[in-house]
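Listed below are the residues making up each chain.
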Amino acid sequence: MRPRRIARRFYARMTHWGTPHVHCPSCGGDTTVPRAHDEQICFVCHVKWFRLDLTGDDAVDWAAMKARASELGARHDGPGGKPNWAVVWRPLLVDCPDGHGGKRTESTEMAFGYLLG
């Protein structure tokens, strides 16, 4: 990793230490939970990504994810015929306070889509 990226990742980790946060789907850097339908740009690796709230119907959610990725400019015909975007389904929310004064990690009912190029 390059020195600037190391410094940005360290800063992101210290900024979100002990507060509920998620990890960037590309580099794993700490970030706040994004608002739905807002495009995010990672502070550490500068990848573009977005959040989609899940409804519980996987077919509908998958279609909505594909539509949102296409809306943001993702192509479905990347190198070798593969899409140039990826999905993290039900990411983990880290450092959630529990009732006993500690912290826990829990899965969320959302998906993150991120553009690969």
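Preceding this section is the structure that the text describes.
Residues numbered from 1 in each chain as written. Predicted model: local features only at pLDDT ≥ 70, side-chain atom pairs only at ≥ 80, totals over all residues. Heavy atoms only, no water.

### Here we look at the side chain of Asp 61
Right, so step 1: Mapping Asp 61 onto the fold places it in helix 2 (residues 58–71).
Right, so step 2: The buried charged residue Asp 61 lacks any salt bridge partner; its closest oppositely charged side chain belongs to Arg 90, at an N-O distance of 5.7 Å.
Right, so step 3: At 2.8 Å, the side chain of Asp 61 forms a polar contact with the side chain of Thr 55.
Right, so step 4: Filtering out sequence-adjacent residues up to four positions away, Asp 61 remains in contact with Leu 52, Asp 53, Leu 54, Thr 55, Gly 56 and Trp 89. (Helix = DSSP H or I, 4+ residues; strand = E, 2+ residues; numbered from the N terminus. Buried < 20%, exposed > 50% of the residue type's maximum accessible area, 1.4 Å probe, protein only. Lys, Arg positive; Asp, Glu negative; His and termini not counted. Salt bridge = Lys/Arg side-chain N within 4 Å of Asp/Glu carboxyl O. Polar contact = N/O pair within 3.5 Å; in protein donor to acceptor, adjacent residues only side chain to side chain. Contact = heavy atoms within 4.5 Å.)

### A closer look at the sheet that holds strand 8 (residues 110–115)
Strand pairing in a sheet is mediated by backbone hydrogen bonds. Such pairs are either parallel or antiparallel.
Right, so step 1: The 4 strands are arranged 3-4-8-5 in an open sheet whose pairing can be described as antiparallel. Across the chains shown, the open sheet's two edge strands, defined by having one partner strand only, are strand 3 (39–41) and strand 5 (85–89). Strand-to-strand twist of the sheet, defined as the mean angle between neighbouring strand axes without regard to direction, takes the value 25 degrees.
Right, so step 2: Here strand 5 pairs with strand 8 via 5 bridges, running antiparallel. Residue pairing in the sheet places Trp 85 in a bridge with Leu 115 of strand 8.
Right, so step 3: Sitting on the sheet, helix 2 touches strand 3, strand 4 (48–53), strand 5 and strand 8, and the angle it makes with strand 5 is about 145 degrees. (Pairing = 2+ DSSP bridges. Axes fitted to C-alpha atoms, helices over the stretch in contact; angles between N-to-C directions.)

### Topic: the packing of aromatic side chains
Right, so step 1: Across all of its chains, the model carries 3 aromatic pairs by this definition.
Right, so step 2: Relative to Trp 89, the ring of Trp 62 lies with its centre 6.1 Å away and its plane at 50 degrees, an arrangement referred to as tilted. Residue Trp 62 is found in helix 2, and its partner Trp 89 is found in strand 5; the two are separated by 27 residues along the sequence.
Right, so step 3: You can call Trp 62 partly exposed: its relative accessible area is 38%.
Right, so step 4: By way of ring pairs, the aromatic residues Trp 62, Trp 85 and Trp 89 are connected into one cluster. (Phe/Tyr/Trp six-rings, centres within 6.5 Å; stacked < 30°, edge-to-face > 60°.)

### Comments concerning the pattern of salt bridges
Right, so step 1: For the coordinates displayed, the defined rule picks out 4 salt bridges.
Right, so step 2: The shortest N-O distance in the salt bridge between Arg 68 and Glu 71 comes to 2.9 Å. With Arg 68 and Glu 71 both in helix 2, this residue pair falls 3 residues apart, about one helical turn.
Right, so step 3: The partner of Glu 106 in a salt bridge is Arg 104, with the nearest N and O atoms 2.9 Å apart.
Right, so step 4: We classify Glu 106 as partly exposed; its relative accessible area is 30%.

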